[in-house]
Structures are given as structure tokens and as C-alpha cells.
Amino acid sequence: MKIREDLVLRNIVSEKVVLLPDSEDGKTRMLHLNASSAFLWETFAGKEFTVEDVAEALRKEYLLEQSTAESDAAKWVAQLDEVKALE
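Rules of the game
Numbering of residues starts from 1 in every chain and runs along the sequence as written. Predicted model: local features are reported for residues with pLDDT of at least 70 only, side-chain atom pairs are reported and counted for 80 or more only, and whole-chain, interface and lining totals are derived from all residues. Calculation of side-chain values draws on the structure's entire complement of heavy atoms; hydrogens and water are dropped beforehand. Patches were defined on residues exceeding 30% relative accessible area and lacking a salt bridge, with like-charge contacts within 9 Å and nonpolar side-chain contacts (Val, Leu, Ile, Met, Phe, Trp, Tyr) within 5 Å. In short, Shrake-Rupley with a 1.4 Å probe defines the accessible areas, and a residue's cover is counted only from the protein chains shown. Salt bridges are defined as contacts in which a side-chain nitrogen from Lys or Arg sits within 4 Å of a carboxyl oxygen from Asp or Glu. Here a strand is any run of E in DSSP of at least two residues, a helix any run of H or I of at least four, and the numbering for each starts at the N terminus. Buried residues are those whose accessible area, probed at 1.4 Å on protein chains only, stays under 20% of the maximum for their type, while exposed residues exceed 50% and partly exposed ones sit between those limits. For Phe, Tyr and Trp, rings pair up if their centres lie within 6.5 Å, where Trp contributes its six-membered ring, and each pair is then called stacked (planes under 30 degrees apart), edge-to-face (over 60) or tilted (otherwise). Residue contacts are counted whenever heavy atoms from the two residues lie within 4.5 Å of one another.

Observations regarding a nonpolar patch on the surface
Argument step 1. On the surface, a cluster of nonpolar side chains totalling about 360 Å² of accessible area is made up of Ile12, Val13, Leu19 and Met30.
Argument step 2. Structurally, isoleucine 12 can be placed in strand β1 (residues 9-12).
Argument step 3. Given the relative accessible area of 35%, isoleucine 12 is considered partly exposed.

Shown next, in the form of C-alpha cells:
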């Protein structure tokens, strides 16, 4: 999987956000990213990755237990998929 190349992480009023222009109602939505989500976005933008890759990045960056990293990685990928941010 891959983060859509047309989506760009922006810093707006000291918040990390991604504009999602293609919602069903035609309105542009903003995806607000916390520090760990922004870290993952910056790490994987423009690259192919798996849930396992995301878990490994979380484990190394935040010194998480493997099971916690795997759970958090799965949630992050599911959230991106839900808002159609993945190719």
C-alpha cells in the first residue's frame, strides 16, 4: 500500500494536517495528525509499505512493545484507508 501522492502533509497554525479534497459531499475535509501519525506520514509518504513496516517504525521510534506497535500500526492504516488516503 502507499499514501496517495496527491495528499500533502501541511503545517497549519502549528498543527499537522492533510487536506482530503474528494469527500462524498464534495467538501474538502482536514485530517488532523498527532505527533506519531505525522511521524508515520513523513516516514512513509511516497513509499510502498506494509502494516508490519509501520509497526517496526513505531517500535523503533517510540520503544513500544511489539504487540502495541502492531495494534497501533493496524489502527493507523485502517484510519487512512477509511478516509481514502491510501492507493
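From this point, things continue past the structure.
Points about the packing of aromatic side chains
Argument step 1. Enumeration according to the criterion identifies three aromatic pairs in this entry.
Argument step 2. Between phenylalanine 39 and tyrosine 62, the ring centres sit 5.8 Å apart and the planes meet at 90°, which makes this aromatic pair edge-to-face. Within this pair, whereas phenylalanine 39 is found in helix α1 (residues 35-44), its partner tyrosine 62 is found in helix α2 (residues 51-62), the two being separated by 23 residues in sequence.
Argument step 3. Residue classification places tyrosine 62 among the partly exposed residues on the basis of a relative accessible area of 34%.
Argument step 4. The interplanar angle of 40° and the centroid separation of 5.0 Å between the aromatic rings of phenylalanine 44 and phenylalanine 49 together place this pair among those described as tilted.
Argument step 5. Residue phenylalanine 44 is classed as buried on the basis of its relative accessible area, which comes to 8%.
Argument step 6. By the ring-pair criterion, three or more aromatic residues cluster together here, those being Phe44, Phe49 and Trp76.

Description of the side chain of lysine 2
Argument step 1. Position of lysine 2 relative to the elements: it lies in the segment before β1.
Argument step 2. If we ignore the near neighbours within four places in the chain, the residues touching lysine 2 are Gly46, Lys47, Glu48, Phe49, Ala85, Leu86 and Glu87.

A few points about unusual backbone geometry
Argument step 1. Even without being glycine, serine 14 reaches a positive phi, approximately 60°.
Argument step 2. Along the chain, serine 14 falls in the loop between β1 and β2 (15-20).
Argument step 3. Using a relative accessible area of 71% as the deciding quantity, one classes serine 14 as exposed.
Argument step 4. Phi at lysine 84 is positive, roughly 60°, even though this residue is not glycine.
Argument step 5. In this fold, lysine 84 is placed in the segment after α3 (66-82).
Argument step 6. The exposure class of lysine 84 is partly exposed, given its relative accessible area of 48%.

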